[in-house]
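Coordinates in review
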Amino acid sequence: MVGTGMIARGLSKLIPKRVDMVISKILTRRQGFVEGLGVDQSYLTTNPLELFDNSDLIIVSTGDPIYSTEVIFQAFKYNIPVLTMDADTQVLTGSWLSERGLLSEGNGDQPGCLAVLKNEIVEMGFQPLVYGNIKGYQNLNPSKEDMMFWAKKQGFSLNSVTSFTDGTKLQIEQCLVANGLNANIAQRGLIGVQTENFKEGAFALAAEAKKMNTVLSDYLVSKESPPGVFIVATHHEDLAEELATYKMGKGPFYLLYKPVHLCLFEIFRDLKNLFYQKNVLLNNGRFPTVSVAAIAKKALKAGDVIEKGIGSFEVRGECVKFSENVDHVPIGLLSHARLKDNIDPGQIISFSDVDLPESLALHAWLETIKHAVTPPNRILNKSLSF
């Protein structure tokens, strides 16, 4: 495994209870004792080669797409399949990485759950119209004090809780859904219907999808709705009576949902399918059309350094279409990034606004956007060597 966050710590407790697999090594960048680990500290290593030499398959969940990209790329040199619970990495470099090895997002987090639900309902004859995420609460610009309180209360890192609250994580998830399941987005930042009625909110998104004549990836904000995922679909008109018999309503829209997502507990079927059958549940697609841009939460000054974009108090992420925002910097690339210009609140940060450290992830991104649209020459002419 790669990472020692909440997902990895849970897996380190759960995997030893199984008879069909074992943990070999856990790659970490942490120094010293790691709390909450389900196996002895001797399983930890800071040496990627030790991980590769002892692994048949690797699970990656780090929340750091620049680091994860490096590890996954090296793992592919050893022909090791990689399963992620790491949408951050998938939407940044997953398209590039998937051309170089066997890579799949796993079930459990919202994108994987939607992929599983989609496969299930398509077999029943449904045609998906909306792939939906459900968010109970959202604050686009939460205070640091509030985030520190909830991080301590919930046992997540400060960055993680902030990215959950300001919607960045959801935007990343729905970006992966759009690219991986061949859907579109309605607008920058998605629609995000706020509703007290789950079905009405879901059908409002379906009506918009029907109006646009497309399949949408989007979400609801609703305290009253279940903390899972949903799909609004259509079906063949001559089967409406049969569907009504099974309490699905009169159509033309049908709501199918999974009321929970259990993350690490749901990953094992996909782990085995990837290893034994080489089956990919979900990835970012070869030619992505949607990305997650970095949006300034407040006024930023030239010379400011953004240490980490995802979960920061300087920026948040919003889904954008490549075709409409060619020059945007994906939020996952903002790591130790120095601003060259002043940035207004709500402004999309572009490549011309910032100096980014060289990295494999940056190289992968520049290669990816060549296939998406033709970016400005100033981006493509940037020369990197690895």
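It should be emphasised that the depicted structure is a prediction, and the values quoted were computed from it without experimental measurement. (Residues numbered from 1 in each chain as written. Predicted model: local features only at pLDDT ≥ 70, side-chain atom pairs only at ≥ 80, totals over all residues. Heavy atoms only, no water.)

Here's the deal with unusual backbone geometry
Convention followed: Helix and strand definitions follow DSSP, with helices as H or I runs of at least four residues and strands as E runs of at least two, each counted in order from the N terminus. Each residue's exposure class comes from its accessible area (1.4 Å probe, protein chains only) as a fraction of the maximum for that residue type: buried when under 20%, exposed when over 50%, partly exposed otherwise.
The omega torsion across glycine 251 and proline 252 is 5 degrees, close enough to zero to call that bond cis. Position of proline 252 among the secondary structure elements: in the loop between helix 10 (240–245) and strand 10 (254–258). Despite not being glycine, leucine 190 shows a phi value in the positive range, around 70 degrees. Relative to the helices and strands, leucine 190 resides in the loop between helix 8 (168–180) and strand 7 (193–194). The phi dihedral of cysteine 263 falls on the positive side, at around 45 degrees, and the residue is not glycine. Within the fold, cysteine 263 resides in the loop between strand 10 and helix 11 (268–277). Classification of cysteine 263 as buried rests on a relative accessible area of 18%.

Concerning the pattern of salt bridges
Basically, it comes down to this: Here, a salt bridge means any side-chain nitrogen of Lys or Arg that lies within 4 Å of a carboxyl oxygen of Asp or Glu.
Under the defined criterion, the tally for this structure stands at 13 salt bridges. A salt bridge links aspartate 64 to arginine 29; its shortest N-O distance comes to 3.0 Å. In this pair, aspartate 64 sits in the loop between strand 3 (58–60) and helix 3 (65–77) while arginine 29 sits in the loop between strand 1 (26–27) and strand 2 (44–45), placing the two residues 35 residues apart along the sequence. Looking at arginine 29, the relative accessible area reads 48%, which means it is partly exposed. Note that glutamate 367 and lysine 370 form a salt bridge whose closest N and O atoms lie 3.2 Å from each other. Within this pair, glutamate 367 and its partner lysine 370 are both found in helix 12 (residues 360–372), separated by three residues, close to a single helical turn. With a relative accessible area of 25%, glutamate 367 lands in the partly exposed category. Assessed through its relative accessible area of 45%, lysine 370 is described here as partly exposed. Among the ionic contacts, a cluster of salt bridges with common partners joins Arg18, Asp20 and Lys272.

A few points about the pairing of strand 14 (residues 335–339)
Keep this limit in mind: At least two DSSP bridges between two strands are needed for those strands to be called paired.
Taken together, the three bridges between strand 12 (residues 305–308) and strand 14 define a ladder with antiparallel strand orientation. Pairing of valine 305 across the sheet is with arginine 338, part of strand 14. The pairing of strand 14 with strand 15 (residues 354–355) spans two bridges and is antiparallel. Within strand 15, the residue paired with leucine 339 across the bridge is valine 354.

What about the nonpolar core?
This is how the line gets drawn: Take the buried residues of types Ala, Val, Leu, Ile, Met, Phe, Trp, Tyr and Cys, join any two whose side-chain atoms come within 4.5 Å, and each joined set is a nonpolar core. For this analysis, residues touch if any pair of their heavy atoms sits within 4.5 Å.
Of all hydrophobic cores here, the largest spans 57 residues; its most connected members are Leu333, Leu334, Ile349 and Leu356. Counting residues per element, this core draws most heavily on helix 8, at six residues. The contacts of isoleucine 349, once residues within four sequence positions are left out, are Ala294, Leu300, Ile306, Val315, Asp327, His328, Val329, Leu334, Leu339, Ile343 and Val354. Core analysis: the second largest hydrophobic core is formed by 21 residues, Leu264, Ile267, Phe268 and Leu274 among them.

Observations concerning the sheet that holds strand 4 (residues 82–84)
Quick note on the threshold: Axis definition: a line fitted to C-alpha atoms, over the contacting stretch in the case of helices. Angles run 0 to 180 degrees between N-to-C directions.
Taken together, the three strands give an open sheet; going across it, the order is 3-4-5, and neighbouring strands pair in parallel fashion. Each having just a single partner strand, strand 3 and strand 5 (103–105) make up the two edges of the open sheet. Strand-to-strand twist in this sheet, taken as the mean axis angle between neighbours without regard to direction, amounts to 25 degrees. Note that strand 3 and strand 4 share three bridges and pair parallel. Counted as the bridge partner of valine 60 is threonine 84 from strand 4. Contacts from helix 4 (residues 87–97) reach strand 4 and strand 5 within the one sheet, and its direction differs from that of strand 5 by about 155 degrees.

Digging into the layout of surface pockets
Heads up, the condition is: Here a cavity denotes grid points, spaced 1 Å and computed from the protein atoms alone, that fit a 1.4 Å probe unable to get out, and a pocket denotes an open set having protein on both sides within 12 Å along at least 5 of 7 lines; residues with an atom within 4 Å of a point are the lining. Grid points are joined across faces, edges and corners, and a volume is the space filled by probe spheres set on the points. Here the nonpolar group is Ala, Val, Leu, Ile, Met, Phe, Trp, Tyr, Cys and Pro; Asp, Glu, Lys and Arg are the charged ones; every other residue, Gly included, is treated as polar.
Approximately 370 Å³ is the volume found for the second largest pocket. Together, 18 residues line the second largest pocket, and Met21, Val22, Asp56, Leu57 and Leu271 are the ones closest to its centre. Tallying contributions element by element places helix 11 first for the lining of the second largest pocket, with four residues. Residue composition of the lining of the second largest pocket, by class: eleven nonpolar, three polar and four charged.

Concerning empty space enclosed by the protein
Counted according to the given criterion, the structure contains one cavity of 30 Å³ or more. Within this model, the largest cavity holds a volume of roughly 80 Å³. What lines the largest cavity is Pro65, Asp88, Val91, Leu92, Ile172, Ser291, Val292, Ile310, Pro330, Ile331, Gly332 and Trp365. Of all elements in the fold, only helix 4 and strand 11 (290–296) reach the threshold of two or more residues within the lining of the largest cavity. Take the lining of the largest cavity: its biggest share by element is three residues, from helix 4. Residue classes in the lining of the largest cavity are distributed as nine nonpolar, two polar and one charged.

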